[in-house]
Amino acid sequence: MSIATTAHAFFQACDTGAGWAECAQYCTADAGFSCQADALAEITTVEAYCEWMKGLLVPLPDARYELKAFSADEDRKVVTAFAVFHGTHTGEGPIPATSKATASDYVYAMQFEGDKISHVTKIWNDLQALKELGWA
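The shown structure was predicted, so the numbers you read here are calculated from the model rather than taken from an experiment. (Residues numbered from 1 in each chain as written. Predicted model: local features only at pLDDT ≥ 70, side-chain atom pairs only at ≥ 80, totals over all residues. Heavy atoms only, no water.)

1. Focus: the environment of Gly 87
Put simply, the test is: Counting from the N terminus, the helices are the DSSP runs of H or I reaching at least four residues and the strands are the DSSP runs of E reaching at least two. Should any heavy atoms of two residues lie within 4.5 Å, those residues are counted as being in contact.
Take Gly 87: it is sitting in strand E3 (residues 78–88). Among all residues touching Gly 87, those that are not within four sequence positions of it are Leu 60, Asp 62, Ala 63, Lys 100, Ala 101, Thr 102 and Leu 133.

2. Some details on the pattern of salt bridges
Our working rule: Only one rule defines a salt bridge in this text: a Lys or Arg side-chain nitrogen within 4 Å of an Asp or Glu carboxyl oxygen. Categorising residues by exposure relies on relative accessible area from a 1.4 Å probe, with only protein chains included: less than 20% of the type maximum marks a residue as buried, more than 50% marks it as exposed, and the intermediate range marks it as partly exposed.
The tally for this structure, following the rule as stated, stands at two salt bridges. Where Lys 68 meets Glu 66, a salt bridge forms, and the shortest distance between an N and an O atom there is 3.0 Å. Among the salt bridges present, the one from Asp 73 reaches Arg 76, with a minimum N-O distance of 2.9 Å. Accessibility expressed as a relative area gives 27% for Asp 73, which makes it partly exposed. Using a relative accessible area of 61% as the deciding quantity, one classes Arg 76 as exposed.

3. Section: the nonpolar core
As a reminder, the rule being used: By nonpolar core we mean a set of buried residues, namely Ala, Val, Leu, Ile, Met, Phe, Trp, Tyr and Cys, connected to one another through side-chain atoms within 4.5 Å.
In this structure, Phe 10, Val 46 and Met 110 are the most contacted members of the largest nonpolar core, which totals 37 residues. Among the secondary structure elements, those contributing two or more residues to this core are helix H1 (3–15), helix H2 (20–23), strand E1 (27–35), helix H3 (46–56), E3, strand E4 (101–113), strand E5 (116–124) and helix H4 (126–133). Counting residues per element, this core draws most heavily on H1, which supplies six residues.

Here it is as structure tokens:
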């Protein structure tokens, strides 16, 4: 399986809330995670991030992504995905449902060791998304 195929399968599983149980097959056991966003500041592993995404679909049950671009850099063993996350706060969450929606741009840079993802960097403006949802 190519790194692009693996990255796409991981992206789809992670961003539809499948959790680590599904995503683990695409990653090294100790895959790291980083994001310069306060909402994700404490998350340092892909496992924890996949579970965070799974939990996010509870307050945002209509959550979905719109994939805008996807590319593989075989020489550097990195795959990038640019997408827009859409969701409306209608479920149980950190505060009572606001019925507010977000359309939030983000990018994943997925680094590979061999045929598995070893690190994911997420580029995301969390404050804008949280404001749109009425959470900040």
